[in-house]
Every structure is written in C-alpha cells, then in structure tokens.
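# Observations on the model geometry
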Amino acid sequence: MPANTFIYHRAADLADAQKVIQQQSQSTNVLLTQPRVPAPYPVATGLQLDLRNLNLNFIRSKSGLIEIGTSTTLQALADAPLLKRGNNGIVATAALHCTHYGLRNLACAGGAAIAGDGPPDLQLAWLILDAQIHWDNGTVSTIGAHAPAGASFPIQISYTDTVTSAALHAVRRTPRDEAIVAVAAALQTQANQVTHARIAISGVGNTPARCTAAEMALAGNALTAANIESAAAAAAATSGSRSDYRGSSAYRHAMASVLTQRALDALASNNHS
Amino acid sequence: MKINVEINGTPHPLECAPETTLMDALRTARVWSVKHGCESGDCGACSVLLNGRLTPTCVMLAAQADAQQIETVEGLTERHEIHPIQQAFIDTGAIQCGFCTPAMIMATKELLNREPAPREEQVREVLGGVLCRCTGYLRPVQAVMRAAAMLRGEIVPPVDPHGGLPFEALFGPRTPGETPTPDFGNSTTQVQTEPRTVVLPTVQLGSVGRPEPKVDGVKLAKGRPVFADDIELPGMLHGALLTSPVAHARIKRIDASAARKLPGVHAVLTYADVPRVVYASGGQSHPNPPPYDQVSLDSKVRHVGDRVAVVAAETPAIARAALLLIEVEYEELPAVFDAHAAMRPGAPVIHDEPDAVSITDRDRNLAAEIHARVGDVEAALAAADQRFERTYTTHQVHQGYIEPHIVVTWWDDEDRLVIRTSTQVPFHVRRMVAPLLELPVKRIRVIKPRIGGGFGGKQEMLIEDLCAHLTIATHRPVRFEYTRAQEFTSARSRHAQTLTFRAGVSQAGDLQALDLHIVEDTGAYGTHGLTVCSVSGLRGLSTYRCPALRFHGEIVYTNKPTAGAYRGYGGPQAEFALECLMDEIALLTGRDPVAFRMQNAVRVGDTIPITAAIGEGEVMEEGAGDPQRVLTCGLPECVSQGSAAIAWDRRTNANWHQDPQRPHIRRGLGMAVCMHGTAIPGLDMGAASIKINDDGSFNVLVGATDLGTGSDTVLAQMAAETLGVPTVDVIIYSSDTDFTPFDTGAYASSTTYISGMAVHKAALQLRNLMFDRAALMLNCSADGMTAHNSRVHANDGRSVSHAEIALHSLHTQDQQQLMATASYVSPYSPPPFGAQFAEVEVDTGTGQVTVIKLVMAVDCGVAINPLTALGQIEGGMVQALGYVVCEEMPYDELGRMQVARFGDYRIFSADEMPEMEAILVPTYEPTGPFGAKAVAEIPLDGVAPAVANAVCDAIGVRIRSLPLTPERVWQAQAQHAVAGAQPA
Ligand code: FES
Ligand code: FES
C-alpha cells in the first residue's frame, strides 16, 4: 500500500479490528471523536478504523463497577440517570462541559479519555474516581497514562461504583468555555476523618493529573479548614509550566490553589450538612 | 468508495473518496442547507440530524454515515409548504443572515421530537450546538418556544399584537410619501416616546413601523441554495492559498514546478505570474483612501498568513496537496509586532517597496496620520479647574461571521468575467478588481447572493482577485473559499488601538477640553486604517459638548495580520475610552456618573463641531466645513428607560453588591452613553429602480447589500409604504452589478438611511406616474391623489387599482412601462443615540467576570421594522459582549496567531448568554426616510465600557485594557491591593 493513503475500514468485530491494524504499514486512526477535534478535519492519513459494529456504546453498572463503552457519546453520559446519580453527578456534569450539544452527540467517551488536549473535565472526573481504561488487547491503564504496549484503542472506561462526594470547579472565560484551570476533588470521610482523597488538576501541566501532595494533606487527617488550606497550598505548588493567552503559568498555579480550596470547601460543607 | 445513506427518507447512494467528510458529501449531493463554517466541529452550521440526533458533519467521514439516516431542512416540507418550525423562525425574527438557520431549525426539530414542551434551559442547551453571530439567540429561543406551541396545536399570539410601531400616535397623521425637509434654523424636533408597556393604537395602513417578516425569510428557513457557495458549475476547479509561515521575509526562491506537475492541478500562480498593480483593498468609494500598499501576489511577505501562491485543481484535496509541493525559500527579516515599537528609529521597515503610494512615513511605519482640532485645547486645559489624563488599550478582534469568504468566478458566454462573491461592496469590488486583472469594468459582473454575515469583514476586495486570476489562467470556473484558520490569519479584524485622553473639567462639571491621541495598529497593510482611525476621532469627540477638541491619530504598520472594517468602525474603541473616562471623572469628582454624562451630553439643536474638522479619512481646515447638527435626540429617554430596566437604583445599595452565599462574588452595575453616525455624509450613495408589473406588484432593484441585517425587507417596506401596497407586493432584488443600480454598499450604517431614501424617492416618482395614469383613466386631475390599499384614490372618491393602472399603461393606451430610478446622497449624518447598561458578577478569587444582564435603549429614529431593529441591537450587544470578556487575537513571539478556530476564539453560544433587553426609543429624524436613523452599529459601542464600569463598581478596580479576561481582572485586583486604594 502506498504511503499516506487514506483508507476507511469498518471493523466487523474486535478480532477484525486487531487484524487489520496489524496488517497496516501505516498509522491507524481509530474513529473515536474527541471533544476538541483536531483541525482541519480530517488530519490523519492511513487507516481510519470505525468501531461502529463493535457495540461499544453502553453505560452499565456491573459487579460494583460503572462501565462505559468507548463509543458512548458524551451526550449519553450527560443524560444517563446512572451517572447523574453517582458521585454528585460529576461524570455527567463533566460531559456537559466538554463541548457543545451537537458535538456531544458525536464525540465519545473513548475519545475524551485518551485526548491529549482539549476540555479536561471528563479526564479530571475520571482521575478522581480512579477510572481505568480497558484496551483492545486486554490491558488496562489509568487516565493520562500512555497506552500500554501492544494496545491500539480503548474498549471501555470503568470505575468503582462507590459513594464518593465529588466536586468540579473551574475558571473559564465564559460559562461554557474550555476551563483555563479546573480542579476535581473527591473525598470519603468517616467521622470527619478523610479516609480517601483524590484531587486532580488541569491547566497547570500539559495534561490533567492528580495532585498527590494535595491528597496527602487530607488523607488520614481531619477535614479541617487548616488541612484544606494545606491541600490548596500543595495544589499551588503542583508541577507544570503551561502558559498561553488564556492564562500565565503564575495565574494557573494560583488558580489551582483557589479552585482546590473551593472544591474542598464545598465537599466539607456537604460533609457537615 | 460507495456509501448508502438515507437522506430525508429516501435512499441515496453517494460516491466519494474515503477522506470525504459527510459535510462535503452532502453538499456534493446538492444538499445545500448543510453549511460550511469551519473545519473543527465548532460552529455547528453543518449539522444535520443523524439518526435523529443533531450532529456536525464536517468532523466525521461520509463513510461513517453509511446505512444511517440523515435529516436535513430540505426534508421538512414540500416546496410550497412551510413547517411550523420554519414559520416560527420567520415570525419571531430569528433569522438574520440565515446561514445558521438550517442547523438551528434541525436542532429545534430534534428537541421538539423528544420534548414537546421544552423549558428555556433545554432550548438553549440544544441551540448551543449552533453558533449564530447575528441574533444574540433571544429570537431563536423565542422561535423554538413558539414552534413548540404551534406543534402542540395551541393558538399562538400574533407577533405584532400592537400592529407595529404606533406611528400616528407618536408622530401625528402621516401624509403618504411625504418626506420632511430639515430645517436647521428651527431645530425644535422633540423626542416622542411611549413607555414600552402602553398599548397604542394600531396603524391602519402602511408597512413602515411594522414588524414585517423578512422578505427572504422563507428561502432562508428552507435552506435554499442562496449563498455564494451554493452552486455547482460544470468543470469547476477548486482554489487554495499558500500563506506565509513567517512574519516578515523576502521570497528568495519559489519553485512551483512540482505542484504544477501534480495530476489534477491546473494552475499555480506566484508573484511572477500575475501583474503587479498596486492597490488598497478597503471597499470604499473612489478614490480609495490611501495608502496603496498591496499587490495581488508579492515577493515579500509581511505577516504570518500573508499571500504566497494560489492553486487551482480538480478537487480541494488535490489543491491542498499541491500547496505542499510549492518550495519557498524565505530570507527572514526582523519583524515588529507592537505599534509603538514600530514607530521607533531602527524598527524594521515593513513597506520598503518603491511602488507603494501615499504612505505617510514608511521609515517610521506610519501608514497614515490625522491631526484635527476645534478651538485651543492647550489653553482650555490650562484654564480648566481639573485635568485628567488616562490611557486605554483595546485589542484586535475578528468579525466572526459564520460563512467564510467565498468566491466563485467564471467566464460567461460573452467572455465576461462573472464574480459571485460574499461581499458587502459588489460595486467597489468590480471597480477595484478591474485594474488588477487588466480588464475593463465593463467585462466584469459581480453578483452578490445572500451573505452569511459580514459585519464589516466583507467590506473589502479580499480574495476576489485571486480567484479571478485563477479563472483567467485556467479558463475554467474556480471556487475559492477561506478556511476558518485563514479567516483568522488572512482576513480582516478590528484595529487594536491605544487611546490617550486628556480632559479639562470646570468646577461646575462642564467639559472644557478633550484631547485624544490614538495609536492604531493596522497590521501589515493600510486598507481601512486611516478611515477607521478618523471615525474613532469622531466618535471620541462627538458625544459631549466641549468647546476645545483635538485629535491626533497615528496609523501604524506592524507584522501582524491586517485589520480592517468591523461593525462600529472605530467607534467601539473610542467609546470604550471615552465612557470609561467619563465614569472615572465622575467618580473622582464625586458626581453621579449618569448625571455627569447627561450634564455634558449633546442635545437637540447642538452642532457637533468635530464633524467639521474630520471627514471620512480626511482632515478639513478649521471652519472649512459645516458641522453636523443634532436634530433629534432620544438620549434622556434612553437613559431613563434603560435605568429602569436594569434597576440602576441597586447601585447605591451596598448590600446588593455582595452575596452572602458566595462570599467571593461582587456585583456591579455600569453604563455607557453611545452616539454613532448614520452613513458618511456627502459620500455614501444609494440608488433604486422600481417598475410596476401587470398585477400591480412592483420590482425594486437596489444596489444595496443585505448582509443579513434585513435591509432588503426594510427597503421593501419603504417602497410598499410609499406605493400604498402590502410589502408582499414588492419584489426586491439586490445586488448584481449588471442589473441593479449603483450603491456604495452595506457599511457605515447607511442602508436604511441612504438606500432607503433612494427607494423612497424612486417610489415617489413612480407614484406620480401612476397618479398621471389614473388621472387619464378617470378623466380627472391628479391633484390630491393618494395611494393606499393597492389603489390610487382621486379627490372625488373614485379609485383605480394598481393592477388596472398597470394593465392600462402596459397594454391599453399610450403604452409605457411605468418605472422610475432615483439616487440619494445625504449631506447629513444624523446620530442615533443609545444608553447601554450592564450588570456583572466578578469572582474576586479568579477574576472571572460574568455578565448577568445587558440592557440597551436605542434612539434610531423611527424603526422601519421594529423586529429587525431589535434583532440588530440584540445581536450587536452579543458581539460587543465577546469583545469585552473573551474574544481576542493573540500572537506568539514570532507573530503566529494563537487562535485559529472558533472554539479557542470563543464566540458566545446560546447556553451561556446573559439576560438581554433591547428597547426602542422612537424619535422622528426629519432628514431620514420616514424618520429613520441608523441602528446597525451603535449596539457595538457601549457594552465594553458599561461592563468595565460595572466591574469597577463591583470590585473598585479600574481596568483600562481589554478584554477583561479572568487573569487580567485578577492581576488588576492584585496590583490594586498592592498599590492601595488608587483613585477609581
Ligand atoms: S462547519 Fe461543521 S461545525 Fe463548523
Ligand atoms: S442568522 Fe445566525 S449566523 Fe447569521
């Protein structure tokens, strides 16, 4: 096959998809639309692999896990009662914030999970829920990690269906704009002791990432104003030097702190009420 | 490859290449309602219902739609029917340019299929999938609600419950066709308004003042092929433009041989292949204002995105591939991106070419310069009790029309070049492109179909020359369209300006002196730079009474993409500075900001002295010209009604400014007074031809250019009013340089006023011919005849119908075609006035500004069509909202644009809008047709200062640079905290 040709293939099933990828000498672009579509579309050459026939469009609760098929649209995530109910509805809310209505009907969970840039909301939500990406070759990775060796495309995203109190706070130029900085936080507490803390930040580094220093300021400690402040301070020190017209690195670091404080304050007040 | 889709219920095989997007496949299949606005899924103009769900088609492959169901607006109705959703969009005025309308209608259909009684929030969410740059979304939301009610079988109220503007109640009985003559010696015209809540008597007759549906509403709602790109010509080639990746360089070597050899490529043109003819690209009257500093293709590039070469090929993909094969060796030159730095000694000289004409000082990169004065400013400043000096900066923003620049050119049967283009200035394009192509004007025909928004960005001869060169080179039709990224890098935008005001104020609070200095960044080419800056001077020095005025404008080249015309045309920059300054002075002198403004604002009978000193891009000797005079001014009523609508009283309530539930939020209110112009006096010209048809209907031919504003409708209404027929009996056609009379084009808020007067004059002439014919038929005198109800009425009570007159004149006796042509140029430029109010919330932790409500009350004279006038105000406010809070065109240190897509640039969508209210405050402008003044541009003027003033009210921090992005506000707060409480 000549280099740089553009081939479309709709896989009949998983085996067919994997076989066709292996036979390729060119790059493969799996047609999982991301919330920020690289422009001008289509940018890729090579094999365009359509997963439509693989029936990966589902949201289900199974054995204590929420499972989301890779082809499930963002609007389906936003509409799903299951996702609106659990974890303060953070996944449904995050899906809503990822892009506009029309594109939410095309962009999908798999695209959002592996996107290298664009709206961070879903990745943040999944990071604080310890979500995992299940790949076509049976391997598993965390959000933000490189695809495991030999893996070609995500099959599903899953996370434990535990009751976690979660919050997502962001600063944006306009209410539906992509977040400049966003912070997601999830806490589990027992008698005001934090038994589990997850804090993830976007907009400071190149990709959304957990801030373990902030988490450590809380985990195992009482949910007090002082500990929340420590977590916010740790968030300000999160590594990253992202800087662009929407915000300097200094601003982004400062906002990481402000928004972490707000997210945790909100969770603390829920905890007390 | 072959795919099978079902389009509107009918199986449809499509043959396409694997990389073809669904949008391209549908348009190739002549599903023209699917529009191209971007290549990134951001705008939604290409959206269809895919298996019942609104889906953008530009970011999916056609192959992905194989065996799927597609619904488009074409499937809603048969040819002569209209679907309730389409009807609701027409009724409510939800359609302006109509480019987004098919997608909006399909979004509505999707929603109403699953939710027959939607809440506003649901409507906004779904409409959030389609960007509209024209309407401000208020009317589309109303349209969806109305459509929902219609589909539920409910009786919907008339859109026009009061029968339109209460014309007679406001202005007394009208004499059909009478145009009052201005009397400058007796300027007693009074403001006449009625509170919005009072129901006034219905106008019994006539079209003017009624919210008539747009004359082009049905075809736009049906998604008919009415835009420039909705055409397929046999043998059509596709153009593509190679642009510069560097900001400033000479082209040392360019080799297009590989590109030319690529199969399917028909032409590659570089600077070596086209005549070098120097021109100015701004679409303005002859002679174009200087400088003349462009050529079609040059051996030097002056900004990232500048033209390098053009290609014509069998397909867009081949054309793009050919661009990659053009080898260019650049000799990079130092570049300068800051207007102040560009004027310093040693700065790189951007225009060193010897053949550029009328550059003021090329060594200082000074494209042009303006000095103007009234009185002695220095003496007045010295004598003033208090003096203030403030500097404000405004930024470059894009017009954001959804339809990109698109041109199709071809040779017709008589070897004349036809240019079908999305332009605001078809006649200027014909005149300006002719020398570049070395063709006489008579061998060029420019057709302007419907335009998918322009907002000034299409007041330019921008890409027509390149497309035409390709047709000349290939002898084939060529279609050439900008990509969305090229719209940002290679089209036009609003000028960034640095504005320094010095003001002197008396102890009594009267302005004594205003001195305005502007440094304007025109980017790489001069085009509209001089005229925009002169309008900034006018706008900055017109609103308030002041005996001593001075203006100095410097228009400076930089290595950035070129700025040009954008709705408001220098007004928004100047009004931002002026209205922030007025707020600052009021607060510093302990005055109420509204009272201070009103104390100084111009009023009926005042002259506007600066208008005698600054013309359109020219400076007059002091005392040389006659200043404009204010004959009508609804400003006090605008302020009064706007204050009530925003609940201005809350400003003095300290508790209101805080929210106990959200301690980081501060609330604020701000306002600005706005004053604009109406057309360019003595320069803008419109013309119209009208003829009667056998059935008593009329054809109106105008050169005026409806770019979505509804001007065709307004002109039809004025013709109908004069001729005494309903608007549906007026068939309006605009504009085609072969068939319609000349018009300077759609800019400077001129169409209603100038072209409207031309229509009115032509209609009066035709009506007189009809009176003569009626007199012949009735054997009576024409004296005292009137025309209404589609009949001509004689003094003695007898009448003949328009149809009878037409048949008599065309077929029976002394046959002649009753027709008339008239032109109009106005010596006046009556100012519309407005009061803009804004309510904001500022997040003190992040700096994020959220605009909660915008209110604008506008005196635009008599709104010929209140529906379209309100739509102009609402849409304009939203554009201005983007200007103040989020839109900007930032560059990196190499001059590369950092936003090249709608999503990053950020245009407000339906699901994030503040509450908005537009109020019409009618006055009767005696120089305008039926009392009209302009409305199109003034909504852009006040939002930025009103929001900035509201932010200051909220947090006590004055921010003098736009836009008010979160970091800028946050930084300003921090600096304020460090500096201590600086003066507001
Ligand atoms: S054209 Fe498809 S979203 Fe803009
Ligand atoms: S009417 Fe919506 S973009 Fe013009």
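Scroll up a little and you will see the structure.
Below or above, wherever it landed, is the structure these notes cover. (Residues numbered from 1 in each chain as written. Chains lettered and ligands numbered in written order. Predicted model: local features only at pLDDT ≥ 70, side-chain atom pairs only at ≥ 80, totals over all residues. Heavy atoms only, no water.)

We now examine the overall build of chain A. When its secondary structure is counted, chain A shows 10 helices and 12 strands. Expected size for 273 residues packed as a compact globule is a radius of gyration near 19 Å; at 19 Å, chain A falls within 12% of this value. In terms of its C-alpha atoms, chain A occupies a principal-axis envelope of roughly 65 × 45 × 35 Å. Residue pairs in contact within chain A that sit at least 24 positions apart in sequence constitute 59% of those at least 6 positions apart. Treating the 18 positive side-chain charges of chain A as one cloud and the 16 negative ones as another, the clouds have centres 4 Å apart. (Helix = DSSP H or I, 4+ residues; strand = E, 2+ residues; numbered from the N terminus. Rg over C-alpha atoms; globule rule 2.2 N^0.38 Å. Contact = heavy atoms within 4.5 Å. Lys, Arg positive; Asp, Glu negative; His and termini not counted. Charge placed at Lys NZ, Arg CZ, Asp CG, Glu CD.)

The subject of this paragraph is the sheet that holds strand S13 (residues 386-394) of chain B. All names here are of chain B. The sheet built from 5 strands is open, its strands ordered S12-S20-S19-S18-S13 with mixed pairing. Every other strand in the sheet has two partners, leaving strand S12 (366-374) and S13 as the edge strands with one partner each. Averaged over all pairs of adjacent strands, the angle between their axes in this sheet comes to 5°, without regard to strand direction. Note that S12 and strand S20 (residues 548-557) share 8 bridges and pair antiparallel. Bridge pairing in S20 links Ala-372 to Phe-551. (Pairing = 2+ DSSP bridges. Axes fitted to C-alpha atoms, helices over the stretch in contact; angles between N-to-C directions.)

All names here are of chain B. With 28 residues, helix H20 (residues 751-778) should reach 40 Å at 1.5 Å per residue; the first-to-last C-alpha distance of 38 Å fits that figure. The element H20 is largely enclosed, with a buried count of 20 among its 28 residues. Downstream of H20 by one or two residues, Asn-779 has phi in the positive range, about 55°. (Expected span 1.5 Å × (residues − 1). Buried < 20%, exposed > 50% of the residue type's maximum accessible area, 1.4 Å probe, protein only.)

Now for the pattern of salt bridges. Residues and elements named next belong to chain B. Within this structure, the stated rule accounts for 78 salt bridges over all chains. Glu-554 is the partner of Arg-364 in a salt bridge, and the nearest nitrogen-oxygen pair spans 3.5 Å. Here Glu-554 lies in strand S20 and Arg-364 lies in the loop between helix H10 (339-342) and S12, a separation of 190 residues in the sequence. A residue is classified by how much of its surface remains accessible, and Arg-364, at 30% relative accessible area, is partly exposed. On the basis of relative accessibility, which here comes to 8%, the residue Glu-554 falls in the buried class. Sharing partners across several salt bridges, the network here consists of Arg-27, Lys-35, Asp-229, Asp-230, Arg-479 and Glu-481. (Salt bridge = Lys/Arg side-chain N within 4 Å of Asp/Glu carboxyl O.)

Attention now moves to empty space enclosed by the protein. All names here are of chain B. Per the counting criterion, the structure on display carries 6 cavities of 30 Å³ or more. Around the largest cavity, the lining comprises 21 residues; the ones closest to its centre are Gln-294, Asp-306, Arg-307, Arg-492 and Tyr-525. Of the voids in this model, the second largest cavity is the one considered here, and its volume is about 80 Å³. Looking at the second largest cavity, it is lined by 13 residues, and the ones nearest its centre are Gly-93, Ile-95, Gln-96, Lys-214 and Thr-868. Here the residues of the lining of the second largest cavity sort into 3 nonpolar, 8 polar and 2 charged. (1 Å grid on protein atoms, 1.4 Å probe; cavity = no way out; pocket = protein on both sides within 12 Å on 5 of 7 lines; lining within 4 Å. Points joined across faces, edges and corners; volume = space filled by probe spheres on them. Nonpolar A, V, L, I, M, F, W, Y, C, P; charged D, E, K, R; others polar.)

All names here are of chain B. Read across the open sheet, the 5 strands follow the order S2-S1-S5-S3-S4; overall the sheet is mixed. With one partner strand each, in any of the chains shown, strand S2 (10-15) and strand S4 (53-55) form the two edges of the open sheet. Strand-to-strand twist across the sheet, computed as the mean angle between neighbouring axes with direction ignored, equals 40°. Looking at chain direction, strand S1 (residues 2-7) and S2 are connected through 6 bridges and run antiparallel. Paired with Asn-4 across the bridge in S2 is Pro-13. The strands that helix H3 (residues 101-114) touches are strand S3 (48-50), S4 and strand S5 (69-71); relative to S4, the one it contacts most, it runs at about 155°.

What follows deals with the side chain of Asn-105 of chain A. As for its position among the elements, Asn-105 of chain A is in the loop between helix H5 (101-104) and helix H6 (109-114). Taking the relative accessible area as the measure of exposure, Asn-105 of chain A reaches 11% and is therefore buried. Excluding anything up to four places from it in sequence, Asn-105 of chain A contacts Thr-73 and Gln-75 of chain A together with Arg-53, Leu-54, Thr-55 and Glu-110 of chain B.

What follows covers helix H19 (residues 711-723) of chain B. Residues and elements named next belong to chain B. Across its 13 residues, H19 extends 18 Å between first and last C-alpha, which sits within 8% of the 18 Å expected from 1.5 Å per residue. Counted residue by residue, H19 has 13 buried out of 13 residues, so it is predominantly covered. The positive-phi residue at the C-terminal boundary of H19 is Gly-724, with phi of around 75°.

We now examine the packing of helix H2 (residues 84-91) of chain B against helix H5 (residues 138-151) of chain B. All names here are of chain B. Where H2 contacts H5, the axes come no closer than 8 Å and their chain directions differ by 140°. In terms of axis orientation, H2 runs oblique to H5. Where H2 crosses over H5, the two elements pack in a sense that is right-handed. Residues Pro-84, Ile-85, Gln-87, Ala-88, Phe-89 and Asp-91 of H2 touch H5, and the partners they reach there are Pro-140, Ala-143, Val-144, Arg-146, Ala-147, Met-150 and Leu-151. Grouping the constituent residues of the contact of H2 with H5 by class yields 10 nonpolar, 1 polar and 2 charged. (Parallel < 35°, antiparallel > 145°, perpendicular 65-115°, else oblique. Left-handed = near helix turned anticlockwise from the far one by under 90°.)

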